[in-house]
Amino acid sequence: MTDVLAHLRRRERWGVAEIAFWLALVAGIVAFPARAGLVNEALIAGLFALSLDLILGLTGIVSLGQAAFFGVGAYTAAILANAGYHDPLLGVLAAIVPTALIGFLTAPLLLRGSDLTRLMVTMGVALMLGELANREDGLTGGADGLNFTVAPLFGRFAIGSFGEGPRNAALFSLAVLFALLFVARRLARSPFGISLTAVRENRLRAGALGISAAWRIVAIYTISAAFAGVAGALLAETTQIASLDLFEFHRSANVMLMLIIGGAGYLYGGVIGAGVFILVRDVVSAETPEYWEFWIGLMLVALVLFGRERLANLVRLRR
Amino acid sequence: MVELLRVERLSSGYGAARVVNNVSFALNQGQSLALLGRNGVGKTTLINSVIGVTTRHEGRLFVGGEDVTRLSPHLRAARGIGWVPQERDIFRSLSVEENLTAVARPGAWTLARVYEMFPRLKERRRNGGRQLSGGEQQMLAIGRALALNPKLLLLDEPTEGLAPIIVDELLAAFQRLAREGLSMILVEQKPKKILPFTDEAIILNRGAIAYAAKSAELIADPAALEAHLKAAG
């Protein structure tokens, strides 16, 4: 197995474009603090899209219920803060536990049936969790949601909407995104990650060649759920509110749009797609606040029909 | 001799359709079997039944004495059944090396050893699966099955549609594997290619065993071989 590991280590190396991408993000946040709130939103959306890429892009498992984990992660951070644990890092880490657990428990539902079955199952889980959050208003604040505050990061860097809060929030989100993309990158390039691609290509053949699809799907869905949970916690902490709309269908649909815009299967696609999505929304909504989604829709149609060389190919970093 | 594979009164097919009927045979460790017959007699279905991707109607399968009849394909692979599918079915979005890595298990067959057997794969190890020629794809399919470190290698028409020079290269590789003691079941329509390095031969007809003999006996009596194949056709 040593030669297998040597090969994988070679693939671990970071490219110049990849390093430049991250440095440009840091520089952008520092240089343009007035836009840090928007960048923060895009980074969180990028992390959310990365979570979907792990299951859709790498493994070929479709989902229209990723918002379930986003919402649970957000409420975990909010409930924890309201219980007196205001450390934002703790909130983000704590979000991993319930989301991974729910992901692990619901993953077996994805093992049978077609893509349509999986779309319905994932959507159904998101609906159920959203309704549970609505019903358990003692814990979640019900339709009013939960307002809360978080302590400054490391006791020094305030996160929020005022002063340096947006910039600190964006840098925090960037650090978390970088850490999780690093993990995802290692994962995708490990024998486990490579075998996920084999499962995506042909599950039956992969099985006959000794690759068990079932436990791999359960494992990657669990990890994906945790990633989405962290994204939800980040959004809640940086906006300091958790509300029921975090579970809504449009979030699951939008994150899929972002991934399709950026390109699925190479990890950076979701991040780039989220950036494009948020940017287009920001620019177009300034002109037509009510109809900006028309242009997103048009862009999607153009991408799917004509844009075989996807947007992200222009700035493709690796693979 | 230690028994490696035993197929007992196996009937199988796809859904309700039976293709393989009441087939029984055994293969010892280190032995190879030539599975012969015309098109459509059930050779591929029998191979697919051993790996576990068909519908089993009756019968049982044992690998190394263990009943694997109810095991799923990936568990059968874990018991040491390697498979080279007729359509090669390499993972096209993975590179050559990733195709090998995806299935590799610890054992004597390392990537280096696979590359030593098929140097062309080493030259093309960074190329994507979709960039390979038919011969290279077949080498990769065989290399991938070896990277699993199988006890038994199932090869379904491995020389089909390949240039003669590639066929010779592959046949040399099979002979080497047989010499090294790897058990194989080779499906082939042209028996003369594989009988020289297999121990046993089975001719299938309409999903059932029409004739079974030592490979050496069939080599020694080509007229009988031809007659059996014609009768089976």
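How each quantity is defined
Residues numbered from 1 in each chain as written. Chains lettered and ligands numbered in written order. Predicted model: local features only at pLDDT ≥ 70, side-chain atom pairs only at ≥ 80, totals over all residues. Domains from an automatic or database assignment. Contact = placed C-beta atoms within 7 Å. Helix = DSSP H or I, 4+ residues; strand = E, 2+ residues; numbered from the N terminus. Nonpolar A, V, L, I, M, F, W, Y, C, P; charged D, E, K, R; others polar. Buried ≥ 20, exposed ≤ 12 C-beta atoms within 10 Å, placed from the backbone. Pairing = 2+ DSSP bridges. Axes fitted to C-alpha atoms, helices over the stretch in contact; angles between N-to-C directions. Parallel < 35°, antiparallel > 145°, perpendicular 65-115°, else oblique.

All names here are of chain B. Split into domains, chain B comes out as domain 1 (1-80 + 159-233) and domain 2 (87-150). The gap between the C-alpha centroids of domain 1 and domain 2 is 23 Å. Facing 8 residues of domain 1, the contacting portion of domain 2 comprises 7 residues.

On the chain B side, the residues contacting the 19 residues of chain A number 27 residues. Contributions of two or more residues to the side of chain A that touches chain B are made by helix 1 (2-12), helix 9 (191-201) and helix 10 (203-208) of chain A. Counting residues per element, the side of chain A that touches chain B draws most heavily on helix 9 of chain A, at 6 residues. Grouping the constituent residues of the side of chain A that touches chain B by class yields 9 nonpolar, 7 polar and 3 charged.

With that out of the way, let us pick up the environment of A:N202. All names here are of chain A. Within the secondary structure, N202 sits in the loop between helix 9 and helix 10. Given 18 C-beta atoms within 10 Å, N202 falls into the partly exposed group. Sequence separation between N202 and G60 is 142 residues, and the spatial gap between their C-alpha atoms is 9.8 Å.

Another point: the sheet that holds strand 3 (residues 32-36) of chain B. Residues and elements named next belong to chain B. In space, the 6 strands of this open sheet follow the order 6-7-8-3-9-10, with mixed pairing throughout. Each edge of the sheet is formed by a strand with only one pairing partner; in this case those strands are strand 6 (81-84) and strand 10 (208-214). Each adjacent strand pair in this sheet contributes to an overall mean axis angle of 15 degrees, direction not counted. Here 4 bridges tie strand 3 to strand 9 (residues 200-205), and the two strands are oriented parallel to one another. When the sheet's bridge partners are listed, L35 is paired in strand 9 with I202. Relative to strand 8 (residues 183-188), helix 7 (residues 164-179) is tilted by about 150 degrees, and along the sheet it contacts strand 3, strand 7 (152-156) and strand 8.

Turning our eyes to something else, we now look at the packing of helix 3 (residues 36-57) of chain A against helix 11 (residues 213-239) of chain A. Residue and element names in this part refer to chain A. Close contact between helix 3 and helix 11 brings their axes to 8 Å; oriented N to C, the two are set at 170 degrees. Between helix 3 and helix 11, the angle falls in the class roughly antiparallel. Contacts from N40, I44, L47, F48, L50, S51, L54 and I55 in helix 3 reach I220, Y221, I223, S224, F227, A228, V230, A231, L234, L235 and T238 in helix 11. A breakdown of the residues in the contact of helix 3 with helix 11 according to their chemical character gives 15 nonpolar, 4 polar and no charged.

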